[in-house]
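As a plain string of letters, each chain reads:
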Amino acid sequence: MNMTEHPSCNARGVGVFLELRKRLLSGLLIVSKEVAGSADHVLVTRGASSLVVRTPRGQLELTLPAGVSFTEGSCIPTPGESSEEELHFRLRITVEQSSHKEASDCVTETLRAKQTYCFYCQGCMTRLLEDRVFKRVLPLPNGSWNAIVDDWCCHPDPFASKKLLPRADDCLLGDTFVLLARDSSCTQTLTEEVSPVGTADRQEQKKPCRRVTFVSCASCSSVLGEAVSPEALKLYVTQVVVEPPVGDPRPAALSRFHFLEKTLAARLLKLSNSLSTFHFSVQTPDGNPFLLLWLLNSDSIIAAVPEKCVGNDSSSAVHSSPLRAARALKLLYITCSDADAPQREVVSHWETSVIAHPLVLPLKVCEELQRVINHSHSELPSSMRSMRSYQVAYLRL
């Protein structure tokens, strides 16, 4: 379950960090003084489809996404931004204009009616649901719809005692889950267990515990979602892999943290574009906020190389194959349980002003997401790790 591209490198710090902004056609390069010593010892050139950084430690080649290229000769040091540990450089890039939008790798972002899909457990890649063909694929109201229902109706809430459930051939898409009707294969591949949501020792708990029926994979016991009725299932998009039928071979499995990072990044980007919101509150099913996320920008391309991975005394070439810079979302975040005094004021402001769109995930998934974000935060140069009362992290797409 590596959360890094460099599993063999136990880094003490960041050796080279690159962030390119496609909309601004500019970039920031940060090189550790342990790697370069001074700005005069850093040379940045353009490769065929890459950016090449030369330092006294050796040469580092970072492959750029298609259509993005470094503008030769544009890299200049910015001493005012540098520190005792870091050297900062600004550079320019060019981006080829394309009429095609960058597609998400997450199939749940592009589910279509009258197409066939299989659902797999992300933990063990066991096939859960066979060859499902949906007559309708419909979005559910956004996560806060019931909070504003009084603004729609001039009489008591007509939805108070009703659930929005799928018909036999429906797929209903929520912000973090899909609602599906059961089929005959569910009895062999899924198990159920009735348990309370939340824990009694949470002092900040806002709502009383309710009992839900958890749905788990029969092969590996991973919790996948909930049984919302005897006929319908809620499966969280962080727990299942959805693919077109591929025959007997199972689709290739991603590491847990890589899958979680890509899935949540795709969800944040989709919701931000569709709802025109940049503030998200990651919550447990009992309504308690766990993480506050502020999507700062979605056009970043980043690469982070730990200091110990940037060459050594006996090698003139750092890597036999180039490293790859990846698309990413830049986030400001606060972990609600660990918030200090200034951060608690921010959390309180978000709650009272209701500026954040709620994203409900199981407690275990919230904790996994926190580890992913904390790991990203630790990969950043020290000068980029905080902004006012927030911490900074990236989620790769």
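Residues numbered from 1 in each chain as written. Predicted model: local features only at pLDDT ≥ 70, side-chain atom pairs only at ≥ 80, totals over all residues. Heavy atoms only, no water.

Draft legend 1. Here's a closer look at the overall build of the protein chain. Helix and strand counts for the protein chain come out as six helices and 25 strands. Here the protein chain, with 397 residues, has 48% of them falling under the buried criterion. Long-range contacts, defined here as pairs at least 24 residues apart, represent 67% of the contacts in the protein chain between residues at least 6 apart. Total accessible area on the protein chain stands at roughly 20,200 Å², and carbon and sulfur atoms take up 51% of it. (Helix = DSSP H or I, 4+ residues; strand = E, 2+ residues; numbered from the N terminus. Buried < 20%, exposed > 50% of the residue type's maximum accessible area, 1.4 Å probe, protein only. Contact = heavy atoms within 4.5 Å. Areas by Shrake-Rupley, 256 points an atom, 1.4 Å probe, with all protein chains shown as cover.)

Draft legend 2. Representation of the sheet that holds strand β18 (residues 240-243) within the structure. Spatially, β10-β9-β18 is the arrangement adopted by the three strands of the open sheet, whose pairing is antiparallel. With one partner strand each, in any of the chains shown, β10 (127-133) and β18 form the two edges of the open sheet. Here the strands of the sheet are splayed against their neighbours by 20 degrees on average, with no regard to which way each runs. Taken together, the four bridges between strand β9 (residues 116-121) and β18 define a ladder with antiparallel strand orientation. Each residue of the ladder has a partner; that of F119, found in β18, is V242. (Pairing = 2+ DSSP bridges. Axes fitted to C-alpha atoms, helices over the stretch in contact; angles between N-to-C directions.)

Draft legend 3. Geometry of the packing of helix α4 (residues 256-275) against helix α6 (residues 363-378). Their axes nearest at 10 Å, the elements α4 and α6 cross at an angle of 95 degrees. Classified by the interaxial angle, the pair formed by α4 and α6 is roughly perpendicular. Between α4 and α6, the contacting residues are R256, F257, L260, E261 and L264 on the first element and V365, E368, L369, R371 and V372 on the second. Counted by class, the contact of α4 with α6 contains six nonpolar, no polar and four charged residues. (Parallel < 35°, antiparallel > 145°, perpendicular 65-115°, else oblique. Nonpolar A, V, L, I, M, F, W, Y, C, P; charged D, E, K, R; others polar.)

Draft legend 4. Region of interest: the confidence of the model for the protein chain. Overall, the predicted model of the protein chain reaches an average pLDDT of 83, with 80% of residues at or above 70. Within the model, the stretch residues 1-8 combines pLDDT values under 50 with 18 contacts to residues more than four positions away or in other chains. With pLDDT under 50 throughout, residues 197-205 is counted as low confidence; its partners more than four residues away or in other chains account for 15 contacts. (pLDDT = per-residue confidence, 0-100.)

Draft legend 5. Structural view of the sheet that holds strand β4 (residues 50-55). Judged by pairing direction, the sheet is mixed, and its four strands sit side by side in the order β3-β4-β5-β21 without closing on themselves. Each of the sheet's edge strands pairs with one partner strand only, and the pair in question is β3 (43-46) and β21 (323-324). Both β3 and β4 contribute to a ladder of four bridges, which runs antiparallel. Paired with R46 across the bridge in β4 is L51.

Draft legend 6. Summary view of the pairing of strand β5 (residues 58-63). In this sheet, β5 lies alongside β4 in antiparallel orientation, the contact comprising six bridges. Counterpart to L51 in the pairing with β5 is L62. As consecutive antiparallel partners, β4 and β5 are separated by two residues. Note: β5 against β21, two bridges, orientation parallel. Paired with T63 across the bridge in β21 is R324.

Draft legend 7. Representation of α6 within the structure. Compared with an ideal rise of 1.5 Å per residue, which puts 16 residues at 22 Å, α6 spans 23 Å between its outermost C-alpha atoms and is within 8% of the ideal. Looking at the packing, one finds that the buried side of α6 touches α4, β19 (279-283), β20 (289-306), β22 (326-335) and β25 (390-396). (Expected span 1.5 Å × (residues − 1).)

Draft legend 8. Examining the packing of aromatic side chains more closely. Applying the stated criterion across every chain yields a total of five aromatic pairs. Where F177 meets Y236, the ring centres are 6.5 Å apart and the plane angle is 80 degrees; that geometry is what we call edge-to-face. Linking F177 in strand β13 (residues 177-181) with Y236 in strand β17 (residues 232-236), this pair joins segments that are 59 residues apart in sequence. Residue F177 is classed as buried on the basis of its relative accessible area of 17%. On the numbers, 5.5 Å between centres and 75 degrees between planes, the contact of W294 with Y390 is edge-to-face. With W294 in strand β20 and Y390 in strand β25, this residue pair connects regions lying 96 residues apart in the sequence. The class of W294 is partly exposed, set by a relative accessible area of 28%. Aromatic rings pair up to connect W294, W350 and Y390 into one cluster. Residue placement shows K234 over the ring face of F177; its charged tip is 4.6 Å from the ring centre. (Phe/Tyr/Trp six-rings, centres within 6.5 Å; stacked < 30°, edge-to-face > 60°. Lys NZ or Arg CZ within 6 Å of the ring centre and 35° of its normal.)

Draft legend 9. Expanded view of the pairing of β10. Relative to β10, β9 runs antiparallel, the two being bridged by four bridges. Following the sheet pairing, T116 is matched in β10 by V133. Hairpin remark: β9 followed by β10, antiparallel, with five residues in the connecting loop; positive phi at M125, about 60 degrees.

Draft legend 10. The pattern of salt bridges, seen in detail. Inspection of the entire model under this criterion finds 10 salt bridges. When the shortest N-O distance is used, the salt bridge between R182 and E192 registers 2.3 Å. Pair noted here: R182 is in the loop between β13 and α3 (186-189) and E192 is in strand β14 (residues 190-196), with a separation of 10 residues, a long-range link. Taking relative accessible area as the criterion, E192 reaches 45% and is therefore assigned partly exposed. Between R396 and E379 there is a salt bridge, with the nearest N and O atoms lying 3.8 Å from each other. (Salt bridge = Lys/Arg side-chain N within 4 Å of Asp/Glu carboxyl O.)

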